[in-house]
Amino acid sequence: MNQPTRQTQPKRRTHPDGPVAVIGAGPFGLSTAAHLRAGGIPVRVFGEPMVSWRDHMPAGMLLKSTPAASSIDAPQPGHTLADYCDAVGTPRLVTDEDIIPVETFIGYGDWFQQRLVPELERVRVVSVDRRPAGGFELKLDSGELFSARAVVVATGLSGLAHLPPELAGAAPDGPSPAAAVSHSSQHHDLTRYEGKDVVVVGAGQSALETAVLVAEAGARVRVVSRGTGRVAFGAPPWGQPRLRPESPFGRAWSLWALSYYPHPYRYLPARTRHFLVRRVLGPLGAWWLRERFEDAVEVREVAAVTGAGIREGRPVLTVRTAAGRAAELTADHVIAATGYRVDIAAMDFLGHELRTDLAVSRGTPKLGAGYVSSVPGLYFTGLPAASSYGPVMRFVCGTEFASPRLARHLAAAHGGDV
Ligand SMILES: Cc1cc2nc3c(=O)[nH]c(=O)nc-3n(C[C@H](O)[C@H](O)[C@H](O)COP(=O)(O)OP(=O)(O)OC[C@H]3O[C@@H](n4cnc5c(N)ncnc54)[C@H](O)[C@@H]3O)c2cc1C
């Protein structure tokens, strides 16, 4: 692999209220930090680079997004996924039929970080509070306290894994790979289930791909899809309807509008916004997964999972069948591939007073222009911004819309020239 080349550092200006703190070193945090740095805004960036991809997704996973939708937005050219492939000498991933291994994407994120955010600090932010004089006070897990003039929360999936209450009865001490029930985010190496009987609850790409990888590791696997979440797969690139506009997620007018015009999204009624975030680009397996899935995984479509417990050390799910009857499913282990829920209450690094002051809608921060929250100087990007800017914020390609706008707003409000 080629040695990453460091970019020349832009000129920094000092500011009496301190630098801008970016919390998060996944695609959104790195992209935002790169834009702020390019504008000469002093920034401190915290987090483990690409940790959600490295530790909370299964080894061997392939990205559902196409190469065109998988670049981390940078303020200068030369930092796309294809540029990374050229730099390290792997075959260029560019067409919709090129599938991206998660390991390649992690390598790309690390490369992006080393080139554009070299000063990343691999520490956790323990608390963020407002300072009476303006700005914020942050505490790091190194014990350091410092002041920041503005804070960007880009903590992505961290701490937001969702276990539905009906599964909680089989996870009295919380989900864990070693217990009866785990959440899909708790897995990297799935070979531990070789020879076991595993149930995966969910019908999204994460559920279907986890099921395939567990089956390929030598387990017997059943997928339990609930309610309207039927198991289905998208059309391959050559089967997409030609008369609809292209978007990073496929050809459809709705996807095109949500991808390229997220500006008006926050003016939609709250009910519509929350519904679209959940449903658009919702449960649908990638086209290339179908064959591997159909050969290896059994599907059980049920009206609902109504409860769960443990009998003789094994998880037992109680389900209501489509015909309205109660039935039981027993396994050695249940993996809940039941997604993530944004909830400000779960972001416990934000001080209590700050969380109380934030305007929220169903637990998610209400954001204005430029991704600023109701607390001046406090910004959110990535998944927590999806209820304000739409489902595209759940995906890497959302950085293209979010990062330059957030950086411009922050520069105008808190000094800088992005
Ligand atoms: C199984 C799975 C498959 C996916 N596949 C795709 C795909 O194919 N294409 C796509 O576009 N998207 C995909 N996604 C969505 C993808 O995860 C997000 O788009 C992306 O990771 C969001 O990036 P982020 O920077 O917002 O957060 P993350 O990547 O989750 O990064 C969070 C960062 O915050 C840091 N952090 C958290 N708390 C603190 C703290 N207190 N102090 C300091 N740092 C902190 C972490 O260390 C980390 O660096 C997938 C998601 C899952 C679960």
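All residue numbers refer to positions counted from 1 along the written sequence of the respective chain. Given that the model is predicted, a residue must reach a pLDDT of at least 70 before its local features are reported, and side-chain atom pairs must reach 80 or more before they are shown or counted; all residues, however, enter totals for whole chains, interfaces and linings. For the side-chain quantities, the full set of heavy atoms in the structure was used; hydrogens and water were omitted.

## Observations regarding the site of the ligand
For this purpose, a residue is taken to be near a molecule or strand whenever a single non-hydrogen atom of the residue falls within 4 Å of it. Residues in close proximity to the ligand total 32 residues, the closest being Glu48, Ser52, Ser65, Val125 and Val396. Within 3.5 Å is the distance limit for a polar contact, defined as a pair of N or O atoms, with the added protein rule that one can donate a hydrogen and the other accept it, and that residues adjacent in sequence qualify only through two side-chain atoms. In this structure, arginine 394 approaches the ligand through a main-chain N or O atom, which is 2.8 Å from an oxygen atom. About the coverage of the ligand: the protein hides 92% of its 990 Å² of free accessible area. Gly is placed with the polar residues, together with every amino acid not listed as nonpolar (Ala, Val, Leu, Ile, Met, Phe, Trp, Tyr, Cys and Pro) or charged (Asp, Glu, Lys and Arg). Across the shell around the ligand, the residue classes tally to 18 nonpolar, 10 polar and four charged. Note that accessible areas follow from Shrake-Rupley with a 1.4 Å probe, and for residues the cover is restricted to the protein chains shown.

## What about the sheet that holds strand β13 (residues 326-330)?
Only strands that DSSP links by at least two bridges are regarded as paired with each other. Each helix is a run of DSSP H or I of at least 4 residues and each strand a run of E of at least 2, with the numbering of both proceeding from the N terminus. Read from one edge to the other, the open sheet built from three strands follows the order β11-β12-β13, with strand pairing classed as antiparallel. Across the chains shown, the open sheet's two edge strands, defined by having one partner strand only, are β11 (304-311) and β13. Each strand axis lies, on average, 25° off the axis of its neighbour in the sheet, ignoring direction. Think of each axis as a best-fit line through the C-alpha atoms, taken over the contacting stretch in the case of a helix, with angles from 0 to 180 degrees between the N-to-C directions.

## A closer look at the nonpolar core
One broad rule of soluble globular proteins: the nonpolar side chains tend to lie buried together. Among the buried residues, those of types Ala, Val, Leu, Ile, Met, Phe, Trp, Tyr and Cys that are joined through side-chain atoms within 4.5 Å form a nonpolar core. Accessible area is worked out with a 1.4 Å probe on protein chains only. A residue is then buried under 20% of its type maximum, exposed over 50%, and partly exposed in between. In terms of nonpolar packing, the biggest core is built from 85 residues, with Trp53, Val128, Leu138, Val151, Leu350, Tyr371 and Met393 touching the most fellow members. Broken down by element, this core gets its largest block of residues, seven residues, from helix α4 (residues 102-116). Throughout, a contact is declared for two residues whenever any of their heavy atoms are within 4.5 Å. Not counting chain neighbours up to four residues away, the residues in contact with tyrosine 371 comprise Leu378, Tyr379, Phe380, Thr381, Ala385, Tyr389, Met393, Phe401, Ala402, Arg405 and Leu406.

## Digging into the domain arrangement of the protein chain
One frequently used descriptor of interface size is the decrease in accessible area upon assembly of the parts. Domain delimitation in this document rests on an assignment produced automatically or drawn from a domain database. Under the domain assignment used here, the protein chain contains domain 1 (20-159 + 341-414) and domain 2 (165-234 + 284-336). Once you take the C-alpha centre of each, domain 1 and domain 2 turn out to be 30 Å apart. Facing 14 residues of domain 1, the contacting portion of domain 2 comprises 15 residues. With both chains or domains summed, domain 1 and domain 2 bury close to 1,100 Å², and 57% of this area falls on carbon and sulfur atoms. Salt bridge, as used here: a side-chain nitrogen of Lys or Arg that lies within 4 Å of a carboxyl oxygen of Asp or Glu. For the pair domain 1 and domain 2, the number of links is zero salt bridges. Across the contact surface, domain 1 and domain 2 share six residue pairs in polar contact (both at pLDDT 80 or more). The class makeup of the residues in the side of domain 1 that touches domain 2 is seven nonpolar, two polar and five charged. The quantity reported as buried area is the accessible area (1.4 Å probe) lost by two parts once they are put together, taken as the sum for both.

## A short note on helix α6 (residues 253-260)
Those residues of α6 lying buried are Leu255, Leu258 and Ser259. Each buried residue of α6 sits inside an arc of 100° when the element is viewed along its axis, so together they form one side. Relevant arc is that of directions from the helix axis to the C-beta atoms, nothing else.

## Topic: the sheet that holds strand β4 (residues 136-140)
Strands sit in the order β3-β4-β5 across an open sheet of three strands; the sheet is antiparallel. Each of the sheet's edge strands pairs with one partner strand only, and the pair in question is β3 (125-130) and β5 (145-148). Taking the axes of each pair of neighbouring strands and ignoring which way they run, one obtains an average angle of 25° across the sheet. Judged from the four bridges that link them, β4 and β5 form a sheet pairing that is antiparallel. The partner of phenylalanine 136 across the bridge, within β5, is alanine 148.

## Some remarks on the state of the cysteines
Two cysteine sulfurs form what is called a disulfide whenever their separation falls within 2.5 Å. Applying the stated rule across the entire model yields zero disulfides. Its sulfur unpaired, cysteine 85 is 17 Å from the next cysteine sulfur, which belongs to cysteine 397. When its relative accessible area of 0% is taken as the criterion, cysteine 85 is described as buried. Judged by its relative accessible area of 12%, cysteine 397 is buried.

## Notes on the pairing of strand β6 (residues 150-153)
Residue alternation in β6 divides its side chains into two sets, Ala150 and Val152 and Val151 and Val153, and both sets are buried. Where strand β1 (residues 20-23) lies against β6, four bridges are found, and the strand directions are parallel. Directly across from isoleucine 23, in β6, lies its bridge partner valine 153.

## Examining the packing of aromatic side chains
Each Phe, Tyr or Trp ring, with Trp reduced to its six-membered ring, pairs with another whose centre is within 6.5 Å; inter-plane angles below 30 degrees give stacked pairs, above 60 give edge-to-face pairs, and intermediate values give tilted ones. Summed over the entire model, instances satisfying the criterion amount to 13 aromatic pairs. Seen from their ring centres, tryptophan 253 and tryptophan 256 are 5.6 Å apart, and the 80° between their planes marks the pair as edge-to-face. Taken together, the residues span about one helical turn, with tryptophan 253 and tryptophan 256 both in helix α6 at a distance of three residues. Charges are assigned to positions over rings by a cutoff of 6 Å between ring centre and Lys NZ or Arg CZ, combined with an angular limit of 35 degrees from the ring normal. Over the face of the ring belonging to phenylalanine 146 we find arginine 44, whose NZ or CZ atom lies 4.3 Å from the ring centre. Taking the ring centre of phenylalanine 401 as reference, the NZ or CZ of arginine 405 above it sits at 3.9 Å.

## Thoughts on helix α5 (residues 205-216)
For a helix, the expected span equals 1.5 Å multiplied by the residue count minus one. With 12 residues, α5 extends 16 Å from end C-alpha to end C-alpha; this agrees with the ideal 16 Å at 1.5 Å per step. In terms of burial, α5 is largely enclosed, as 10 of its 12 residues are buried. Of all the residues in α5, the buried ones are Gln205, Ala207, Leu208, Glu209, Thr210, Ala211, Val212, Leu213, Val214 and Ala215. Packed against the buried residues of α5 are β8 (197-201), β9 (220-226), α8 (290-296), β10 (297-302) and β14 (333-336). Looking at the residues trailing α5, positive phi occurs at glycine 218, about 105°.

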